[in-house]
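# Survey of secondary and tertiary structure
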Amino acid sequence: PSNKKMKVVFVLGGPGSGKGTQCAKIVEHFGFTHFSAGDLLRAETKSGSEYGTMIQNLMKEGKLVDSSIIVRLIQKAMLENENDKFLIDGFPRNEENRIAFEKIVNIEPEFLLFLDCPETELEKRLLSRNQGREDDNIETIKKRFKVFMESTLPVVSYYEQRGRVRKVNAAKAPEEVFEDIKAIFSSFQG
Ligand code: UP5
Ligand code: MG
């Protein structure tokens, strides 16, 4: 397919850093289509997919689902959509994810939006979210944060070395965080 003209922005940050919250605002202001990798996986567990139980068990433990599964879900979502601008939230989570996306989807991200937020604030947000997510308990939150530090930060470093990271302080109020994000997307769109 016509992969070459699609534009992709990766959105990364610790668990509870506001990826979903900020992506909703970016969609509204800048016309992107938003895919949350976590949401795609949660939908897959509810669809009766053969991998559903395995995915659910991994997520309950804050562990990462195999690249082949998540990359396929993202690719399918992109191809089924008519838009050519995509925010991919919560992906790539490790170097293996990044390389698999590069190989299979074969699109370089325009940039990586990095939501920077300290662990104490992340914990506070997730423990008061109350949306019934099976991974929003203190034990799993700690595991999710550890995976973020050990596996996801190397992906941020990879793009940082290529001058492709746009970092914002995500510890502020949502509207203030979005002011910084707006400046980044405005200059990207020209
Ligand atoms: N909130 C948001 N912004 C705020 C602000 N500025 N000030 C105060 N409160 C703020 O926000 C979280 C909560 O904080 C909300 O209540 C919000 O109102 C409030 P949200 O926008 O939901 O943050 P987000 O970063 O999206 O948090 P989320 O919990 O979704 O992040 P995770 O990265 O933990 O979850 P995700 O869904 O991406 O992944 C879940 C699991 O899926 C992973 O642990 C893993 O097991 C699996 N997974 C993979 O295996 N592979 C993948 O590629 C992706 C996921
Ligand atoms: Mg989210």
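Below you will find a few notes about this structure. Here the residue numbering is sequential within each chain, running from 1 through the sequence in written order. As they are written, the chains are lettered A onward and the ligands numbered 1 onward, keeping that order. Local features in this predicted model are restricted to residues of pLDDT 70 or higher, and side-chain atom pairs are both shown and tallied only at a pLDDT of 80 or more, whereas totals for entire chains, interfaces and linings draw on every residue. Based on all heavy atoms of the structure, the side-chain values leave hydrogens and waters out of the count.

In this section: unusual backbone geometry. The amide bond that connects phenylalanine 91 to the next residue, proline 92, takes the cis arrangement and shows omega of -5°. Strands here are runs of E lasting at least two residues and helices are runs of H or I lasting at least four, both read from the DSSP assignment and numbered beginning at the N terminus. Relative to the elements of secondary structure, proline 92 occurs in the loop between β3 (85-89) and α5 (95-104). A positive phi angle, near 55°, is found at asparagine 130, a position not held by glycine. Relative to the elements of secondary structure, asparagine 130 occurs in the loop between α6 (119-127) and α7 (138-161). Assessed through its relative accessible area of 70%, asparagine 130 is described here as exposed. Between buried and exposed lies partly exposed: a residue is buried under 20% and exposed over 50% of the maximum accessible area for its type, with that area taken using a 1.4 Å probe on protein chains only.

With that settled, consider the site of ligand 1. Here, proximity means that at least one heavy atom of the residue falls within 4 Å of the molecule or strand. Neighbouring ligand 1 are 31 residues, the closest being Thr21, Lys63, Val65, Arg93 and Arg144. Here an oxygen atom of ligand 1 and a side-chain polar atom of threonine 21 are 2.5 Å apart. Arginine 42 has a polar side-chain atom sitting 2.8 Å from an oxygen atom of ligand 1. Summarising the interface, the protein chains cover 86% of the accessible area of ligand 1, which totals 1,000 Å² for the free molecule. Going through the elements one at a time, α1 (19-30), α2 (37-46) and α6 are the ones with two or more residues in the shell around ligand 1. In terms of residue count, the dominant contributor to the shell around ligand 1 is α2 (four residues). Taken together, the residues that form the shell around ligand 1 break down as 11 nonpolar, 10 polar and 10 charged. Throughout this description, a polar contact denotes any pair of N or O atoms lying within 3.5 Å of each other; where both atoms belong to protein, one of them has to be capable of donating a hydrogen while the other can accept it, and for residues adjacent in sequence the pair is counted only when both atoms sit in side chains. The accessible surface values rely on the Shrake-Rupley method and a 1.4 Å probe; as for residues, cover is taken only from the protein chains in view. In this count, Pro and Cys sit with the nonpolar residues alongside Ala, Val, Leu, Ile, Met, Phe, Trp and Tyr, while Asp, Glu, Lys and Arg are called charged and the others, Gly among them, polar.

The buried fraction of strand β1 (residues 7-13) amounts to six of the seven residues, a majority that puts the element mostly inside the structure. Pairing analysis gives five bridges linking β1 to β3, with the strands arranged parallel. Note that in β3 the partner of lysine 7 across the bridge is lysine 85. DSSP-based pairing: two strands are paired if at least 2 bridges between them are found. By the bridge criterion, five bridges tie β1 to strand β4 (residues 111-116) in an arrangement that is parallel. Among the inter-strand pairings, leucine 12 is bridged to a residue of β4, identified as phenylalanine 114.

Across the sheet, which stays open at both edges, the five strands sit in the order β2-β3-β1-β4-β5 with parallel pairing between neighbours. The open sheet terminates on both sides in strands that have one partner only, identified here as β2 (33-36) and β5 (165-169). Adjacent strand axes in the sheet meet at a mean angle of 20°, parallel and antiparallel pairs treated alike. Contact criterion: two residues are considered in contact whenever any of their non-hydrogen atoms come within 4.5 Å of each other. Under this scheme, a helix contributes an axis fitted over its contacting stretch, all axes are lines through C-alpha atoms, and angles between N-to-C directions fall in the 0 to 180 degree range. Taken strand by strand, α1 contacts β1, β2, β3 and β4, and its axis lies near 170° from that of β3. Across the sheet, helix α4 (residues 67-79) lies against β1, β2 and β3, angled at about 155° from β3, the strand it touches most.

Relative placement of two packed helices is described by the angle separating their axes and the distance separating the axes. At a minimum axis separation of 11 Å, α6 and α7 run at an interaxial angle of 140°. Between α6 and α7, the interaxial angle falls into the category oblique. Note that α6 runs across α7; the crossing there is right-handed. Residue-level contacts link Glu119, Leu122, Glu123, Leu126 and Leu127 of α6 to Ile138, Ile141, Lys142, Arg144 and Phe145 of α7. Per-class residue counts for the contact of α6 with α7 are six nonpolar, no polar and four charged. Working definition: roughly parallel below 35 degrees, roughly antiparallel above 145 degrees, roughly perpendicular at 65 to 115 degrees, and oblique for all remaining angles. Working rule for handedness: look at the near helix, and if it is turned counterclockwise from the far one by less than a right angle, call the crossing left-handed; if clockwise, right-handed.

Turning next to the pairing of β3. Of all the five residues making up β3, five are buried; the element is thus mostly covered by neighbouring parts of the structure. Both faces of β3 are covered, namely the face carrying Lys85, Leu87 and Asp89 and the face carrying Phe86 and Ile88.

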